Amino acid sequence: MNGYIVLTVFLLAGCAIACIWMKRYYQNRMEATYQELLLKLDRAIGGEIQNTVYDESMDAAVTERLNRVVQISGMNQEKAESERDTIKSLISDVSHQVRTPLTNIMLYVGLLQEQDLDRSTMLLVDKIQKQSMKLDFFMKELVKSSYAEQEMISIHPEMTGVEEIINTACQMVELAALKKRIDIVTEVTEAPCYADKKWTTEAIGNVLDNAVKYSPEDSQVKVSMIPYESFICIQIADQGIGIREEEQGMVFERFYRSKDVSSEPGFGIGLYLVREVLVKQGGYVKIKSEIGKGTTVQLYLSRYEA
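The rules behind the values
- Residues numbered from 1 in each chain as written.
- Predicted model: local features only at pLDDT ≥ 70, side-chain atom pairs only at ≥ 80, totals over all residues.
- Heavy atoms only, no water.
- Patch = residues over 30% accessible without salt bridge, like charges linked within 9 Å, V, L, I, M, F, W, Y side chains within 5 Å.
- Areas by Shrake-Rupley, 256 points an atom, 1.4 Å probe, with all protein chains shown as cover.
- Salt bridge = Lys/Arg side-chain N within 4 Å of Asp/Glu carboxyl O.
- Helix = DSSP H or I, 4+ residues; strand = E, 2+ residues; numbered from the N terminus.
- Buried < 20%, exposed > 50% of the residue type's maximum accessible area, 1.4 Å probe, protein only.
- Core = buried A, V, L, I, M, F, W, Y, C linked by side-chain atoms within 4.5 Å.
- Contact = heavy atoms within 4.5 Å.
- Expected span 1.5 Å × (residues − 1).
- Polar contact = N/O pair within 3.5 Å; in protein donor to acceptor, adjacent residues only side chain to side chain.
- Pairing = 2+ DSSP bridges.
- Axes fitted to C-alpha atoms, helices over the stretch in contact; angles between N-to-C directions.
- Parallel < 35°, antiparallel > 145°, perpendicular 65-115°, else oblique.
- Left-handed = near helix turned anticlockwise from the far one by under 90°.
- Nonpolar A, V, L, I, M, F, W, Y, C, P; charged D, E, K, R; others polar.

S.K.: Help me out: how do you make sense of a nonpolar patch on the surface in this one?
M.R.: On the surface, Trp 21, Met 22, Tyr 25 and Tyr 26 cluster together into a nonpolar patch covering about 450 Å² of accessible area. Among the structural elements, Tyr 26 can be located in helix H1 (residues 2–45).

The following block contains the structure:
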């Protein structure tokens, strides 16, 4: 009797050990399978086509489907890039085709205003000028909005001069500043920076445009440069209405506009593009402002090639 009990105990112990071993075996096998699956998923995310063994196993089926996903994703990406290039080209062509005659209209209006015209005719000329300026503004905002929406900001930074970029940007807002009798004072020296000349000029021009737009007549906008060890800071200070503290981090969001400037034309694109341009080339932007005391925007550009 005792022998049967001992044998039963041994059999039960053996079954328990076998169950534990089988459990660990299948756990290890499942972990290995999951690790292999995760590796395949990582390769698929990276766009890598994986070797497929054409058999009836589940592993081969999963690999084959992942390869199909990668191929479809690649085709969609190529199509999206092609469509984006087409839209970019179309926007550029439309902008050029419209801006050229619009610039001529504004030029002719300016020439008419210099003539000795009667009062009724001069009123009509002034109306043409205002509508032309409004159309010019909306064309510029349309291009900015399209760049932001289609993610067309393609940055190609290189070593370039800061002074040239600032001077070109100041020329972009010279006419608007003259109309409000705003004096743009520049205190910069020639220094190299790592930036995309075209897009950085556009970014600085956007900040200057805001400074002129939201500043009172007969005021001053000061552009200065502060060299640091790794960055060059371009500082643009105005004497405008200022930005509320709780809104200073929000003004860089796309399409955000403060209720304090709702009477001014704009779509809330300019500062969003400024941040995008600087971040894409290793820089950043900061704002210091106080309501009624003006705003200072600091744009940091890298001094060294990445």
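Next comes the rest of the account.
S.K.: Honestly, the pattern of salt bridges in this entry has me stumped. Any pointers?
M.R.: A side chain with one charge may pair with a side chain of the opposite charge, provided their charged atoms come close. Evaluated as defined, the whole model comprises six salt bridges. Salt-bridge contacts for Asp 218 lead to Arg 181; the nearest nitrogen and oxygen are separated by 2.8 Å. Of the two residues, Asp 218 sits in the loop between helix H6 (197–213) and strand S4 (220–227) while Arg 181 sits in the loop between helix H5 (174–179) and strand S2 (183–187), which places them 37 residues apart along the sequence. Notably, a salt bridge pairs Glu 276 with Arg 275, separated by 3.8 Å at the nearest N-O pair. Exposure remark for Arg 275: the relative accessible area of 30% places this residue in the partly exposed category. Each of the salt bridges in this network shares a partner with another, and the network as a whole consists of Arg 181, Glu 217 and Asp 218.

S.K.: Help me understand the nonpolar core, please; the structure alone is not making it clear to me.
M.R.: In a soluble, globular protein the nonpolar side chains are often hidden away together inside. Counting residues in each nonpolar core, the largest one holds 38 residues, and the members touching the most others are Ile 204, Leu 208, Ile 234, Ile 236 and Leu 299. Listed by contribution, the elements that provide at least two residues to this core are helix H4 (162–172), strand S3 (192–195), H6, S4, strand S5 (231–237), helix H7 (270–280), strand S6 (284–289) and strand S7 (295–302). It is H6 that provides the largest number of residues to this core, a total of seven residues. Those residues in contact with Ile 204 that lie beyond four places of it in its chain are Ile 165, Ile 166, Ala 169, Ile 234, Ile 236 and Leu 299.

S.K.: It is not clear to me how H6 should be interpreted in this structure. Could you clarify?
M.R.: Each α-helix winds once per 3.6 residues, and so residues spaced three or four apart point in a common direction. Between its first and last C-alpha atoms H6 spans 24 Å; for 17 residues at 1.5 Å apiece the expected length is 24 Å, and the two agree. Of all 17 residues that make up H6, 13 are buried, and the element is covered over most of its length. Where H6 begins, the side chain of Asp 196 points an oxygen toward the backbone nitrogen of Lys 198, at a separation of 3.1 Å.

S.K.: Looking at this structure, how should I read the environment of Ala 195?
M.R.: Among the structural elements, Ala 195 can be located in strand S3. A sequence separation of 85 residues divides Ala 195 from Lys 280, and the C-alpha atoms of the two residues are 9.6 Å apart. Not counting residues up to four positions away in its chain, the partners in contact with Ala 195 are Pro 157, Glu 158, Thr 160, Thr 200 and Gln 281.

S.K.: When you look at H7 in this model, what are you seeing that I'm missing?
M.R.: Inspection of H7 places Gly 270, Leu 271, Tyr 272, Leu 273, Val 274, Val 277 and Leu 278 among the buried residues, and these make up the whole buried set. After H7 finishes, the residue Gly 282 shows a positive phi value of roughly 85°.

S.K.: Would you mind showing me how to read the pairing of S4 here?
M.R.: When a strand is regular, its side chains alternate between the sheet's two faces. Pairing analysis gives five bridges linking S2 to S4, with the strands arranged parallel. Looking at S4, one finds that Val 185 is bridged to Lys 222. Taken together, the six bridges between S4 and S5 define a ladder with antiparallel strand orientation. Looking across to S5, one finds that Pro 227 is bridged to Ile 232. Hairpin geometry of S4 and S5 is characterised by an intervening segment of three residues between the two adjacent antiparallel strands.

S.K.: Can you help me understand unusual backbone geometry in this one?
M.R.: Trans peptide bonds make up most of the peptide bonds, and negative phi angles are found at most residues other than glycine. Even without being glycine, Arg 181 reaches a positive phi, approximately 55°. At Asp 218, a position not held by glycine, the phi torsion is positive, near 60°.

S.K.: So what exactly am I meant to see when it comes to the packing of H4 against H6 here?
M.R.: Pairs of packed helices are described in terms of their axes, by the angle between the two and the distance that separates them. At their nearest, the axes of H4 and H6 sit 8 Å apart, and the two run at 50° to each other. Between H4 and H6, the angle falls in the class oblique. H6 is crossed by H4, and the crossing has right-handed handedness. Two secondary-structure elements touch here, H4 through Glu 164, Ile 165, Ile 166, Thr 168, Ala 169, Cys 170 and Met 172 and H6 through Lys 197, Thr 200, Thr 201, Glu 202, Ile 204, Gly 205 and Leu 208. Broken down by class, the residue content of the contact of H4 with H6 amounts to seven nonpolar, four polar and three charged.

S.K.: Looking at this structure, I do not really get the packing of H6 against H7. What am I missing?
M.R.: Between H6 and H7, the shortest axis-to-axis distance is 9 Å and the interhelical angle comes to 145°. In this structure, H6 meets H7 at a crossing whose hand is left-handed. Together, Trp 199, Thr 200, Ala 203, Asn 206, Val 207 and Asn 210 of H6 and Gly 270, Leu 271, Leu 273, Val 274, Val 277 and Leu 278 of H7 make up the contact between the two elements. Here the contact of H6 with H7 is built from residues that sort into eight nonpolar, four polar and no charged.

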